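Single-letter residue listing:
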Amino acid sequence: NAGVTQTPKFQVLKTGQSMTLQCAQDMNHNSMYWYRQDPGMGLRLIYYSASEGTTDKGEVPNGYNVSRLNKREFSLRLESAAPSQTSVYFCASSRFSGGLETQYFGPGTRLLVL
Amino acid sequence: TQLLEQSPQFLSIQEGENLTVYCNSSSVFSSLQWYRQEPGEGPVLLVTVVTGGEVKKLKRLTFQFGDARKDSSLHITAAQPGDTGLYLCAGARTNAGKSTFGDGTTLTVKP
């Protein structure tokens, strides 16, 4: 199993450009998440999807859109990138066992917006 | 509003020393998790605590959940350079999704 995979690993954008960050998991998990991580800060939730066909806003959704394409894939789109969106983006999927959730994270996408 | 406060923010120690890092909140959590993140990688779950007063041990790491389920600590005995990384705590209000992460403690263990 590859776990959670993210593409691309690195990306440089100019202000105003758009791009889509891809995430896929092969663990048959229902829930998937997108976080951003900035220097000196923890993970902040952008959007999450509790199951295929559903998405909900997290703590910092402005400037982003998401698509839960199927159970495996959850993409994050920046329609018009801004320098404030320079960050490291992590995708995660989770399983529930005994009432407890375990999240599995991808390796991250490092995005620089000039 | 930062629901989870982690301290210290940075910690640099020599190999063999002991250390404790803290995760505090004014909110009650149903469960709390600790993750370790190495440079260039995503966080990896270390432990989940769910019961007030619970203590869990993972080799040289000891995790404690406060009696009121508002705070937690991570104690490392005889730290090794391999323990270097960012330690994140995350609290869940219910046992289903949307965890809140602290800002993390960056630990450096020098050989």
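Here the structure is shown first, and the text comes after it.
Parameters at a glance
- Residues numbered from 1 in each chain as written.
- Chains lettered and ligands numbered in written order.
- Predicted model: local features only at pLDDT ≥ 70, side-chain atom pairs only at ≥ 80, totals over all residues.
- Heavy atoms only, no water.
- Helix = DSSP H or I, 4+ residues; strand = E, 2+ residues; numbered from the N terminus.
- Rg over C-alpha atoms; globule rule 2.2 N^0.38 Å.
- Buried < 20%, exposed > 50% of the residue type's maximum accessible area, 1.4 Å probe, protein only.
- Salt bridge = Lys/Arg side-chain N within 4 Å of Asp/Glu carboxyl O.
- Pairing = 2+ DSSP bridges.
- Phe/Tyr/Trp six-rings, centres within 6.5 Å; stacked < 30°, edge-to-face > 60°.

**Q** In this structure, what is going on with the overall build of chain B? I would like to understand it.
**A** Helix and strand counts for chain B come out as zero helices and eleven strands. N-terminal to C-terminal, the α/β element order of chain B is β-β-β-β-β-β-β-β-β-β-β. Since a compact globule built from 111 residues should have a radius of gyration of about 13 Å, the 13 Å found for chain B is in line with a globular shape. Taking the principal axes of its C-alpha atoms as reference, chain B extends roughly 40 × 30 × 20 Å. Residue burial in chain B is summarised as follows: out of 111 residues, 44% are buried.

**Q** Help me understand the pattern of salt bridges, please; the structure alone is not making it clear to me.
**A** Oppositely charged side chains can pair when the atoms bearing their charge come close. Residue and element names in this part refer to chain A. One pass over the full model with this rule turns up six salt bridges over all chains. Note that D38 is salt-bridged to R36, the shortest N-O span being 3.0 Å. As a salt-bridge pair, D38 and R44 come within 2.6 Å of each other at their nearest N and O atoms. For D38, a relative accessible area of 11% puts it in the buried group. What makes R44 partly exposed here is its relative accessible area of 21%. Through salt bridges with shared partners, a single ionic network connects R36, D38 and R44.

**Q** So what exactly am I meant to see when it comes to unusual backbone geometry here?
**A** The bulk of non-glycine residues show a negative phi, and the bulk of peptide bonds are trans. In this model, T7 of chain A is joined to P8 of chain A through a cis peptide bond whose omega is -5°. Mapping P8 of chain A onto the fold places it in the loop between β1 (4–7) and β2 (10–13). Of the consecutive residues S7 of chain B and P8 of chain B, the connecting peptide bond is found in the cis state with omega at -10°. Checked against the element boundaries, P8 of chain B lands in the loop between β1 (5–7) and β2 (10–14). Positioned with a positive phi, N28 of chain A is a non-glycine residue whose angle comes to about 60°. Residue position: N28 of chain A is located in the loop between β3 (19–25) and β4 (31–37). Judged by its relative accessible area of 58%, N28 of chain A is exposed. Despite not being glycine, R69 of chain B shows a phi value in the positive range, around 60°. For R69 of chain B, a relative accessible area of 29% corresponds to the partly exposed category.

**Q** Sorry, what's going on with the pairing of strand β10 (residues 100–105) of chain A here?
**A** Two faces make up the sheet, and in a regular strand the side chains alternate between them. Residues and elements named next belong to chain A. Judged from the six bridges that link them, strand β9 (residues 87–97) and β10 form a sheet pairing that is antiparallel. Bridge assignment links S97 to a residue of β10, and that residue is L100. Between β9 and the antiparallel strand that follows it, β10, lie two residues; G98 among them carries a positive phi value of about 60°.

**Q** Please explain the packing of aromatic side chains as it appears in this structure.
**A** For any pair of aromatic rings, the description consists of the separation of the ring centres together with the inter-plane angle of the planes. Tallied over the entire structure, the rule returns eight aromatic pairs over all chains. With 6.1 Å between their ring centres and 25° between their planes, Y33 of chain A and Y35 of chain A make a pair best called stacked. Of the residues examined, Y35 of chain A reaches a relative accessible area of 0% and is grouped as buried. Taking 5.6 Å as the distance between ring centres and 40° as the angle between the ring planes, the aromatic pair formed by Y35 of chain A and F105 of chain A counts as tilted. Remark: F105 of chain A occurs in strand β10 and Y35 of chain A occurs in strand β4; sequence separation between them is 70 residues. Neither residue differs from the other here; Y35 of chain A and F105 of chain A are each classed as buried. Ring-pair connections join several aromatic residues into one group, and the members of that group are Y33, Y35, Y48 and F105 of chain A together with Y35 and F101 of chain B.

**Q** Would you explain the pairing of β3 of chain A in this entry?
**A** All names here are of chain A. Summarising burial for β3: five of the seven residues are buried, a large majority. Here β1 runs beside β3; their pairing, made up of four bridges, is antiparallel. From the neighbouring strand, T5 faces β3, where its bridge partner is A24. With three bridges connecting them, β3 and strand β8 (residues 74–78) associate as antiparallel partners. Paired with T20 across the strands is R77, a residue of β8.

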